[in-house]
Amino acid sequence: MYENVDRLVDSVFANYLSRPGVRQPIFTSYCDGKTTTCRGLSQWGSRYLADEGYSAIEILRYYYGNDLFINTAQQISGVPSSYPGYSLQNGSRGEKVRQLQSQLNRIAKNYPAIPTLAEDGIYGPATTASVRIFQRIFGLPETGVTDYATWYKLSEIYVGITRISEPGAY
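Residues numbered from 1 in each chain as written. Predicted model: local features only at pLDDT ≥ 70, side-chain atom pairs only at ≥ 80, totals over all residues. Heavy atoms only, no water.

**Q** I'd like to hear about the packing of aromatic side chains, residue by residue, with values.
**A** For the structure shown, the criterion picks out 8 aromatic pairs. Here Phe134 and Phe138 contribute two aromatic rings whose centre-to-centre distance is 4.8 Å and whose plane-to-plane angle is 40°, an arrangement assigned as tilted. Judged by relative accessible area, which is 18%, Phe138 ranks as buried. Among the aromatic side chains, those forming a connected cluster through ring pairs are Tyr54, Tyr62, Tyr63 and Tyr64. A cation over a ring is seen here: Arg61 above Phe69, with NZ or CZ 4.8 Å from the ring centre. (Phe/Tyr/Trp six-rings, centres within 6.5 Å; stacked < 30°, edge-to-face > 60°. Buried < 20%, exposed > 50% of the residue type's maximum accessible area, 1.4 Å probe, protein only. Lys NZ or Arg CZ within 6 Å of the ring centre and 35° of its normal.)

Below you can see the structure in the form of structure tokens.
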């Protein structure tokens, strides 16, 4: 159950609503239609439309107009680098693997159970083992694969221990 919730939260985090020519965020609110009511979208109204076969964007446009769009952020601020868009695993190579290895090495200074790695950009057995231990420590499925959830948990921990998000911490 937690994996499903985690995946949904990641999706919500990376997706946002927009209108052409509007730069500020679109305000959204929750109205269940029973204890709280408001103009526009409601829990039961949207449920009815979903049962009728409407997609998420069709439901939103039904209430708020055809110029509303759902976008997915390609880069998310506050993390050292965005998820590459695919899982890193044994056999992967490149700059994203090197970044992963570098961040794991920095995290290992605070969590010595995580083995340090050669930062060679090659996702081999040592990187797989290090990722698996990271996943165990932080309550993720122990696959040894750096998927979306692992990438952002790694980024979260890295930012926290290096304090790079704090003013003047550079």
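Still to come is the rest of the account.
**Q** Describe in detail the nonpolar core, supporting the description with residues and values.
**A** One finds Leu100, Leu104, Ile107, Ile114 and Phe134 to be the most contacted residues of the largest nonpolar core, which totals 21 residues. Counting only elements with at least two residues in this core, the list comes to helix H4 (95-110), helix H5 (125-137) and helix H6 (148-162). Beyond its immediate sequence surroundings of up to four residues, Ile114 is in contact with Leu104, Ile107, Ala108, Ser130, Ile133, Phe134 and Ile137. (Core = buried A, V, L, I, M, F, W, Y, C linked by side-chain atoms within 4.5 Å. Helix = DSSP H or I, 4+ residues; strand = E, 2+ residues; numbered from the N terminus. Contact = heavy atoms within 4.5 Å.)

**Q** Before we move on, can you summarise the pattern of salt bridges with the specific residues and values?
**A** Under the definition given, this model contains 5 salt bridges. When the shortest N-O distance is used, the salt bridge between Asp51 and Arg47 registers 3.2 Å. Highlighted residues: Asp51 and Arg47, both in helix H2 (residues 43-51), separated by 4 residues, approximately one helical turn. For Asp51, a relative accessible area of 52% corresponds to the exposed category. (Salt bridge = Lys/Arg side-chain N within 4 Å of Asp/Glu carboxyl O.)

**Q** Outline the packing of H5 against H6, listing residues and values.
**A** Interhelical geometry of H5 versus H6 gives an angle of 75° and a closest axis separation of 11 Å. The angle between H5 and H6 places the two elements in the roughly perpendicular class. Taking contact as the criterion, the partners of Val131, Phe134 and Gln135 in H5 are, on H6, Thr150, Lys153, Leu154 and Ile157. By residue class, the composition of the contact of H5 with H6 is 4 nonpolar, 2 polar and 1 charged. (Axes fitted to C-alpha atoms, helices over the stretch in contact; angles between N-to-C directions. Parallel < 35°, antiparallel > 145°, perpendicular 65-115°, else oblique. Nonpolar A, V, L, I, M, F, W, Y, C, P; charged D, E, K, R; others polar.)

**Q** I'd like a rundown of H4, residues and numbers included.
**A** Within an α-helix, residues lying three or four positions from one another point in the same direction, as the helix has 3.6 residues per turn. In a regular helix each residue adds 1.5 Å, so 16 residues correspond to 22 Å; H4 covers 24 Å between its end C-alpha atoms and thus fits that length. Of the positions making up H4, those classed as buried are Val97, Gln99, Leu100, Gln101, Gln103, Leu104, Asn105, Ile107 and Ala108. Buried positions along H4 lie against H5 and H6. (Expected span 1.5 Å × (residues − 1).)

**Q** Run through the side chain of Ser130, naming residues and quoting values.
**A** Of note, Ser130 is situated in helix H5. A residue is classified by how much of its surface remains accessible, and Ser130, at 0% relative accessible area, is buried. A distance of 3.1 Å separates a polar side-chain atom of Ser130 from the backbone oxygen of Pro115. (Polar contact = N/O pair within 3.5 Å; in protein donor to acceptor, adjacent residues only side chain to side chain.)

**Q** Got a sec to walk through H6? Specific residues and values, please.
**A** The terminal C-alpha atoms of H6, which comprises 15 residues, lie 21 Å apart, in line with the 21 Å expected from a rise of 1.5 Å per residue. Among the structural elements, H4 and H5 are those in contact with the buried residues of H6.

**Q** Explain the packing of H4 against H5 to me, and be specific about the residues and the numbers.
**A** Across the interface, H4 lies against H5 with an axial gap of 11 Å and an inter-helix angle of 50°. Here H4 is positioned oblique relative to H5, judged by the angle of their axes. Both H4 and H5 take part in a crossing whose hand is left-handed. Side by side, H4 and H5 meet where Leu100, Gln101, Leu104 and Ile107 of the first sit next to Thr127, Ser130, Val131 and Phe134 of the second. (Left-handed = near helix turned anticlockwise from the far one by under 90°.)

Keep in mind that these numbers describe shape and distance, not what the molecule does.
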